[in-house]
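Architecture at a glance
If you want the building blocks of each chain, they are given just below.
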Amino acid sequence: MTRRRLRIGVVGAGNASSHHLAGWRRLPGCDVVHIVDQVPERAERRAREYGVPRSGGTVQELVASGAVDALDVITPAPAHAGIVEHALASGIHVLCQKPVADTREDIARIYDAAVAGPGRLMIHENWRYRSWFRELRRRIDGDELGTVFHLSSSARFAGTVTTPRHPGTPFSLARQPFFAEMDRFLILESVIHQLDVTRYLLGEPDVLYARSHRVSDRVRGEDVATVVLGFPGATAVVDRSYASKGREAPPLLSESVVVEGTAGTAFISASGELRIVTEDAATRRVDVVPPEADPYVASYARAIRAFARGIVTGAAFETDIHDNLSTMRLVFAAYESAESGRALGRAEIDATIPVGVRTTGRVAP
């Protein structure tokens, strides 16, 4: 890039856009110059709120205008393929909100577009950019926990069911009404974060087994899920529920995560506090790392900074399409396992998304 400042167009002005825009605001050298949304009034409101000079029109018009170097795509997954294909082919770089797509066909389209370029694609998987997960990865890489043999990641609350705090519309459906219409919901939308973080911390699993349930009659898809991942010498258990009454009221800042190794255990609380406890025959040591200020927006800003840095320097994106395909395979494998009632081995996990081979139709619910 030869310009001193990157010009960013935001596509989508829904609930998540506020976190993205707050993240861009933290980044010097970048200007959000335009917001597009299917509802022009919504784009206009977001533009006023964050001081963005222009809004309205279509993605095609924005790309053709030459007014942006990159797009931050924050639309629901079914819209991603068309936007990403068009932008990348036009030489516009794209930061695409997860999930990158919700069908094998659209994932293949996006993969082909990312390989062909000339624009470059990064998937916005901000969970792994949370400060406590970055620090935990550093501690694991530094062998502070010894050989890791178990990971658990859990988040359970009332998101799709009513409570005294949310007697009319459940918490999660008030924030994101489209959740109610998703045939595949919790794993694709939320457990995906936990699966990506587990990969980030432990690498690629050899086997996967999943169970899921629909508890609330207000959603079409599953709102409770458990995924067990097998690694050489280690096991990870990932669970999430949006249908659990009597739990801590949402929103939760973090999943509760426990990583056990031969030298000690790391604990991440729902508030994002990281506690490392190590022991030998004579000594017990406790190291507490508090969460950073405003950590939710900070994780968005950190992911956005990585995107901008990659554009400017040409460095590879940590969450490029190749990395993200490994996360998406776990998502698709979890659905296949839950539907079939059996565990999937590595070859079967890989086969859930045959990269570069186009398939037709949407994945059956």
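The structure this text deals with has already been given above.
Description of the structure in this document. None of these values were measured; they are calculated from a predicted model. (Residues numbered from 1 in each chain as written. Predicted model: local features only at pLDDT ≥ 70, side-chain atom pairs only at ≥ 80, totals over all residues. Heavy atoms only, no water.)

A tally of regular secondary structure across the protein chain gives eleven helices and 15 strands. Its C-alpha atoms give the protein chain a radius of gyration of 21 Å, near enough to 21 Å, the size a compact globule of 365 residues would have. Oriented by its inertia axes, the alpha-carbon framework of the protein chain measures out at about 65 × 45 × 45 Å. Buried residues in the protein chain amount to 54% of all 365 residues. Considering only contacts in the protein chain between residues 6 or more positions apart, those separated by 24 or more positions represent 69%. The distance from the centre of the 44 positive side-chain charges to the centre of the 44 negative ones in the protein chain is 4 Å. (Helix = DSSP H or I, 4+ residues; strand = E, 2+ residues; numbered from the N terminus. Rg over C-alpha atoms; globule rule 2.2 N^0.38 Å. Buried < 20%, exposed > 50% of the residue type's maximum accessible area, 1.4 Å probe, protein only. Contact = heavy atoms within 4.5 Å. Lys, Arg positive; Asp, Glu negative; His and termini not counted. Charge placed at Lys NZ, Arg CZ, Asp CG, Glu CD.)

Because side chains alternate across strand β11 (residues 256-261), one face comprises the buried residues V257, V259 and G261, and the other comprises S256, V258 and E260, none of which is buried. Pairing of β11 with strand β12 (residues 264-268) involves four bridges; the strand directions are antiparallel. Bridge pairing in β12 places E260 opposite T265. Between β11 and β12, which follow one another and run antiparallel, lie two residues. (Pairing = 2+ DSSP bridges.)

Working definition: the strands of a sheet are paired by backbone hydrogen bonds and lie parallel or antiparallel to each other. Across the sheet, nine strands lie side by side as β14-β13-β12-β11-β7-β10-β9-β8-β15; this open sheet has mixed pairing. The open sheet is flanked by β14 (284-289) and β15 (344-345), the only strands paired with a single partner. Pairing of strand β8 (residues 207-213) with strand β9 (residues 224-231), which is carried by seven bridges, proceeds in the antiparallel orientation. Bridging from a neighbouring strand, V207 pairs with G230 of β9. Strands in contact with helix α6 (residues 131-141) are β7 (148-156), β11, β12, β13 (274-279) and β14; relative to β13, the strand with the most contacts, it is inclined by about 20 degrees. Each of β7, β8, β9 and β10 (234-241) is contacted by helix α8 (residues 186-202), which is oriented at about 155 degrees to β10, the strand it contacts most. (Axes fitted to C-alpha atoms, helices over the stretch in contact; angles between N-to-C directions.)

The next subject is the nonpolar core. In terms of nonpolar packing, the biggest core is built from 79 residues, with L71, L121, L136, L208, V227 and V259 touching the most fellow members. When residues no more than four places from it in sequence are discounted, the contact partners of L136 are L145, L201, V259, A266, I268, L274 and I276. By size, the runner-up hydrophobic cluster in this structure holds 29 residues, among which are V32, A43, A306 and F307. (Core = buried A, V, L, I, M, F, W, Y, C linked by side-chain atoms within 4.5 Å.)

The next thing to look at is the environment of R48. In this fold, R48 is placed in helix α2 (residues 40-50). Here R48 falls in the exposed class, since its relative accessible area comes to 57%.

A few words now on the sheet that holds strand β2 (residues 30-36). Strand order across the open sheet formed by six strands is β3-β2-β1-β4-β5-β6, with parallel pairing between neighbours. Whereas interior strands pair on both sides, the edge strands pair on one side only; in this sheet they are β3 (54-55) and β6 (121-124). Here strand β1 (residues 6-11) pairs with strand β4 (residues 70-73) via four bridges, running parallel. Within β4, the position partnered with G9 by the bridge is L71. Sitting on the sheet, helix α9 (residues 295-313) is in contact with β1, β2, β4, β5 (93-97) and β6, with an inclination near 175 degrees to β6.

For the structure shown, the criterion picks out 31 salt bridges. Taking the shortest distance from any N to any O, the salt bridge between E135 and R138 comes out at 2.6 Å. Of the two residues, E135 and R138 are both situated in helix α6; the distance of three residues between them amounts to about one turn of the helix. Its salt-bridge partner being E279, residue R284 comes within 2.6 Å of it at the nearest N-O pair. (Salt bridge = Lys/Arg side-chain N within 4 Å of Asp/Glu carboxyl O.)

Contact pair helix α1 (residues 17-25) / α2: the axes reach a minimum separation of 11 Å and the direction vectors enclose 35 degrees. Where α1 crosses over α2, the two elements pack in a sense that is right-handed. Contacts between α1 and α2 involve S17, S18, L21, A22 and R25 on the former and, on the latter, R46, E49 and Y50. Grouping the amino acids of the contact of α1 with α2 by side-chain chemistry returns three nonpolar, two polar and three charged. (Left-handed = near helix turned anticlockwise from the far one by under 90°. Nonpolar A, V, L, I, M, F, W, Y, C, P; charged D, E, K, R; others polar.)

A word on the state of the cysteines. Scanning the entire structure with this criterion turns up zero disulfides. Considering cysteine sulfurs only, C96 is the nearest to C30, which forms no disulfide, with 18 Å between them. On the basis of relative accessibility, which here comes to 9%, the residue C30 falls in the buried class. The class of C96 is buried, set by a relative accessible area of 0%. (Disulfide = S-S within 2.5 Å.)

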